[in-house]
Amino acid sequence: MASLIRQPPLLFPATARHTATVIFIHGLGDTGHGWASAVENWRRRQRLDEVKFILPHAPQIPITCNWGMRMSGWYDIHTIDGNAESLRKNEDEAGILVSQAYLHGLIQKEIDAGIPAERIVIGGFSQGGAMSIFAGLTAKVKLAGIVALSSYLLLSLKFAELVPKPQVNQDTPIFMAHGDSDQVVNTQLGKKSYELLKEMGYKPTLKIYPDMGHSACLEELDDVEAFLKERLPALGKEKPEL
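Cut-offs used in this document
Residues numbered from 1 in each chain as written. Predicted model: local features only at pLDDT ≥ 70, side-chain atom pairs only at ≥ 80, totals over all residues. Heavy atoms only, no water. UniProt positions renumbered as here; feature names shortened; annotations may be inferred. Phe/Tyr/Trp six-rings, centres within 6.5 Å; stacked < 30°, edge-to-face > 60°. Helix = DSSP H or I, 4+ residues; strand = E, 2+ residues; numbered from the N terminus. Buried < 20%, exposed > 50% of the residue type's maximum accessible area, 1.4 Å probe, protein only. Lys NZ or Arg CZ within 6 Å of the ring centre and 35° of its normal. Polar contact = N/O pair within 3.5 Å; in protein donor to acceptor, adjacent residues only side chain to side chain. Contact = heavy atoms within 4.5 Å. Salt bridge = Lys/Arg side-chain N within 4 Å of Asp/Glu carboxyl O. Pairing = 2+ DSSP bridges. Axes fitted to C-alpha atoms, helices over the stretch in contact; angles between N-to-C directions. Right-handed = clockwise from strand over helix to strand, strands pointing away. Parallel < 35°, antiparallel > 145°, perpendicular 65-115°, else oblique. Left-handed = near helix turned anticlockwise from the far one by under 90°. Nonpolar A, V, L, I, M, F, W, Y, C, P; charged D, E, K, R; others polar.

Under an unreviewed UniProt entry, the name given to the chain is Acyl-protein thioesterase 1, and the source organism is Triangularia verruculosa. Comment text from UniProt for the chain, heading Subcellular location (unreviewed entry), reads "Cytoplasm". As its UniProt record puts it under Catalytic activity (unreviewed entry), the chain is described as follows: "S-hexadecanoyl-L-cysteinyl-[protein] + H2O = L-cysteinyl-[protein] + hexadecanoate + H(+)".

Laid out in C-alpha cells, this is it:
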C-alpha cells in the first residue's frame, strides 16, 4: 500500500469567496472526472458559489472480482453478484483504512487552509459513498454533512469499535439515496445500512428512487444539491478583488 500512486484531485474552485468545501468520491473503476458533470449540475443555479469541490481519484489496485486486474478502487472487492451480503464478506479492511487516512488528510488540508470542519461535506457514489460514510463518521472533527449514493456501511460488524471517542459526528446529517432496481449494490443492503446507522444513534435519511439501477438520476442530483445548500448555506461574503 505504501507504493500507491495517487493523482492529485480534480478541483472546482468556488466562484465566490471560498467558505465551504465538498469532497465527492467516485465509485469502482471510475475517476473524479466521472462526476465532473454532476458538479456542474449542482453549480448551475448558482446556489453553491462559495463551495469548492474536490473530486479525488482512486489509485489503481488489484480487484479480486475483476480477476485480480488493476483498476481504480478505494478498496478491494471479492464479489459483486447483487446479493445483499456478498459485499460484506471478506471486506478489505486494510485497503479501507488506507483510503480513510487519505480522505481524512484531504479534510485536514481544507481545515489547514482556513475552512472550518463544519463547512465541509464528504460524499460519494457506490464505493465512494461507502467511504464517505466510513471516513465521515470516523473523522475526529465535526463535519457539515455526509452524502452516500448507492452505497452501504463498511465494516459494519465492527464499525462501532472503529469510531473515535467522543463521537463528534453522532448528529451529523447523512443523506443516503438508492435506486430500487440496483443490481450491483443491492437496495436491501442500502436499507440495512440505513437501519444499522439509526440503531447506532446516527442521523441518516434514506430516499429510494423507483426504477433506478446502480446509477444517478436528475431528481437525485437535485436532492443532493438541496442537501448541500442546506448544510452549506452562503455566508454572503464577496469574493475579494485580485
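On to the packing of aromatic side chains. Scanning all chains against the criterion turns up eight aromatic pairs. Where Trp-74 meets Tyr-102, the ring centres are 6.3 Å apart and the plane angle is 20 degrees; that geometry is what we call stacked. A residue pair is termed long-range when its members are at least 10 positions apart, and Trp-74 in the loop between β5 (70-72) and α2 (93-112) and Tyr-102 in helix α2 qualify at 28 residues. Across the pair, exposure class does not vary: Trp-74 and Tyr-102 are buried alike. Between the NZ or CZ atom of Arg-6 and the centre of the ring of Tyr-102, over which it lies, the distance is 4.1 Å.

Moving on, we come to the side chain of Lys-52. Relative to the helices and strands, Lys-52 is located in strand β3 (residues 51-55). In terms of polar contacts, Lys-52 uses its side chain to reach the side chain of Glu-110, at 3.1 Å. Excluding residues that lie within four positions of it along the chain, Lys-52 makes contacts with Leu-11, Phe-12, Pro-13, Ala-14, His-18, Ala-20, Thr-21, Val-22 and Glu-110.

Glancing now at the pattern of salt bridges. Taken as a whole and assessed by the stated rule, the structure comprises eleven salt bridges. Across the salt bridge formed by Arg-44 and Glu-225, the nearest N and O atoms sit 3.9 Å from each other. Remark: Glu-225 occurs in helix α6 (residues 218-231) and Arg-44 occurs in the loop between α1 (36-43) and β3; sequence separation between them is 181 residues. On the basis of relative accessibility, which here comes to 41%, the residue Arg-44 falls in the partly exposed class. The buried category is assigned to Glu-225, whose relative accessible area is 1%. Where salt bridges share partners, they join Arg-44, Arg-45, Arg-47, Asp-222 and Glu-225 into one cluster.

Turning our eyes to something else, we now look at the environment of Gly-68. Its location among the elements puts Gly-68 in the loop between β4 (60-62) and β5. A relative accessible area of 38% means that Gly-68 is categorised as partly exposed. Gly-68 sits 41 residues away from Lys-109 along the chain, and the two C-alpha atoms are 33 Å apart. Beyond its immediate stretch of four places on either side in the chain, Gly-68 contacts Pro-62 and Ile-63.

Sheet architecture is open: seven strands sit in the order β1-β3-β2-β6-β7-β8-β9, paired in mixed fashion. The sheet terminates laterally at β1 (10-12) and β9 (203-209), the two strands that pair on one side only. This sheet shows a mean twist of 15 degrees between the axes of neighbouring strands, independent of strand direction. Alignment of strand β8 (residues 173-179) against β9, held across seven bridges, turns out to be parallel. Within β9, the position partnered with Met-176 by the bridge is Leu-206. With respect to the sheet, α2 is in contact with β2 (20-25), β3 and β6 (120-125), its orientation differing from that of β6 by roughly 150 degrees.

With that settled, the discussion passes to the pairing of β8. Among the seven residues that make up β8, six are buried, leaving the element largely enclosed by the rest of the structure. Bridge count between strand β7 (residues 145-149) and β8: four bridges; the pairing is parallel. Across the sheet, Val-147 pairs through a bridge with Phe-175, a residue of β8. Taken together, β8, helix α5 (residues 187-199) and β9 constitute a β-α-β crossover, and its handedness is right-handed.

What follows is about the packing of α2 against helix α3 (residues 127-137). At a minimum axis separation of 9 Å, α2 and α3 run at an interaxial angle of 70 degrees. By the angle between their axes, α2 is roughly perpendicular relative to α3. Note that α2 runs across α3; the crossing there is right-handed. Contacts from Ile-96, Leu-97, Ser-99, Gln-100, Leu-103 and His-104 in α2 reach Met-131, Phe-134 and Ala-135 in α3. Looking at the contact of α2 with α3 residue by residue, the classes come out as six nonpolar, three polar and no charged.

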